[in-house]
Amino acid sequence: MEITYIAQPKITTQDFIDILDKSTLGLRRPLADLEAMKLMFQHGNVYVGAYHGDKLVGLARVMTDFVYTSYLSDLAIDEAYQNQGIGKQLIEETKLKLGPHCMIVLLAAPKANDYYPHLGFEHNPRAWMLKK
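Attention here is on the structure that accompanies the text. What you see is a predicted model; the values in this text were computed from it and never measured. Each chain carries its own residue numbering, running from 1 in the direction its sequence is written. Given that this is a predicted model, residues contribute local features only at a pLDDT of at least 70 and side-chain atom pairs are listed and counted only at 80 or more, while totals for whole chains, interfaces and linings are drawn from all residues. The side-chain values count all of the structure's non-hydrogen atoms but skip hydrogen atoms and water molecules.

**Structural notes on the sheet that holds strand E4 (residues 69-77)**
- Strands sit in the order E1-E2-E3-E4-E5 across an open sheet of five strands; the sheet is mixed. Both outer strands of the open sheet, strand E1 (3-7) and strand E5 (103-105), are each paired with one neighbouring strand and no more. On average, adjacent strands in this sheet sit at an angle of 25 degrees to one another, irrespective of strand direction.
- Following DSSP output, two strands are said to pair if at least two bridges run between them. Only DSSP runs of H or I covering at least 4 residues are called helices, and only runs of E covering at least 2 are called strands; the numbering of each starts at the N terminus. Of the strand pairs in this sheet, strand E3 (residues 55-64) and E4 are connected by seven bridges, and their pairing is antiparallel. Paired with Ala60 across the strands is Leu75, a residue of E4.
- In this description, contact between two residues means that some pair of their heavy atoms is separated by no more than 4.5 Å. Axis lines are fitted through C-alpha atoms, for helices just across the contact stretch, and the angle between N-to-C directions can take any value from 0 to 180 degrees. Contacts between helix H3 (residues 86-97) and the sheet are confined to E1, strand E2 (46-52), E3, E4 and E5, with E2 contributing the most and set at about 140 degrees to the helix.

Put into structure tokens, the structure is as follows:
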């Protein structure tokens, strides 16, 4: 069966939690904190889902101003569906929803650090984080 991509899919907070849990991102997200997950889900403003039939197998979640910068906060692919080009296509579908000059920035998960250069992303050593 073919993978289909849907922008702004009709998904719930639980769907969001489930796809993160089925990907390696679940290890670094507060999945047990339902209120935090609800707010994380609500505050994303671009979503693209990858579906195998009716099953959500991948999700890109982005926060953006649609003009200059977008932050790809989650690129979650069900581990059973990884290495099939789904992540690459989710990024391509996401780019279609952004302005023509809008850049995408992200923080790579440890296991995905070598993945992004193959998609044209450039490493930026000037990124900084301030944790609470």
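**Observations concerning the pattern of salt bridges**
- One side-chain nitrogen of Lys or Arg within 4 Å of one carboxyl oxygen of Asp or Glu is enough to make a salt bridge. For the structure on display, the rule yields four salt bridges.
- Between Asp74 and Arg29 there is a salt bridge, and its shortest N-O distance comes to 2.7 Å. Of this pair, Asp74 sits in strand E4 while Arg29 sits in the loop between helix H1 (13-22) and helix H2 (34-43), and the two are 45 residues apart along the sequence.
- Glu92 is paired through a salt bridge with Lys95; the nearest N and O atoms lie 3.2 Å apart. A residue pair is termed a helical-turn pair when its members lie 3 or 4 positions apart in one helix, as Glu92 and Lys95 do in helix H3 at three residues.

**Thoughts on the packing of aromatic side chains**
- Any Phe, Tyr or Trp ring, taking Trp's six-membered ring, that has another such ring centre within 6.5 Å forms a pair; planes under 30 degrees apart are called stacked, those over 60 apart edge-to-face, and the others tilted. Using the criterion set out here, one finds four aromatic pairs in the structure.
- Ring centres of Phe16 and Phe41 lie 5.6 Å apart, and the angle between their planes is 35 degrees; this geometry places the pair in the tilted category. On the criterion of sequence distance, the pair formed by Phe16 in helix H1 and Phe41 in helix H2 is long-range, its members being 25 residues apart. Here Phe16 and Phe41 have matching classes, each one buried.
- Measuring from centroid to centroid gives 5.2 Å for Phe41 and Tyr47, while their planes differ by 50 degrees, and the two rings are tilted.
- Three exposure classes are used, based on accessible area relative to the maximum for each residue type with a 1.4 Å probe and protein chains only: buried under 20%, partly exposed in between, and exposed over 50%. On the basis of relative accessible area, Tyr47 is assigned to the buried category, the value being 6%.
- Taken together, the ring pairs in this structure connect Phe16, Phe41 and Tyr47 into an aromatic cluster.

**Looking at H3**
- Working rule for helices: expected span equals 1.5 Å times residues minus one. With 12 residues, H3 should reach 16 Å at 1.5 Å per residue; the first-to-last C-alpha distance of 17 Å fits that figure.
- Taken together, the buried positions of H3 are occupied by Ile86, Gly87, Leu90, Ile91 and Thr94. For H3, the angular spread of buried residues about the axis comes to 140 degrees, placing them on one side.
- Where the residues of H3 are buried, they touch E1, E2, E3, E4 and E5. When we speak of the arc, we mean the arc of directions from the helix axis to the C-beta atoms.

**Brief notes about the layout of surface pockets**
- Cavity means a closed set of points on a 1 Å grid over the protein atoms alone, one where a 1.4 Å probe fits but cannot get out, pocket means an open set with protein on both sides within 12 Å along at least 5 of 7 lines, and lining means a residue has an atom within 4 Å of a point. Grid points are joined across faces, edges and corners, and a volume is the space filled by probe spheres set on the points. Approximately 890 Å³ is the volume found for the largest pocket.
- Around the largest pocket, the lining is made up of 27 residues, and of these Ile104, Val105, Leu106, Phe121 and Glu122 lie nearest the centre.
- Those elements giving two or more residues to the lining of the largest pocket turn out to be H3 and E5.
- Along the lines of polarity and charge, the residues of the lining of the largest pocket split into 18 nonpolar, five polar and four charged.
- Volume-wise, the second largest pocket comes out at about 640 Å³.
- Lining of the second largest pocket is provided by 30 residues; of these, Thr24, Leu75, Ala112, Tyr115 and Tyr116 occupy positions nearest its centre.
- Of all the secondary structure elements, the ones that give two or more residues to the lining of the second largest pocket are E4 and H3.
- At seven residues, the largest contribution of residues to the lining of the second largest pocket is made by E4. Polarity classes work like this: nonpolar for Ala, Val, Leu, Ile, Met, Phe, Trp, Tyr, Cys and Pro, charged for Asp, Glu, Lys and Arg, and polar for all others, with Gly in that last group.

Take it as geometry only, folks, not as evidence of what the structure does.
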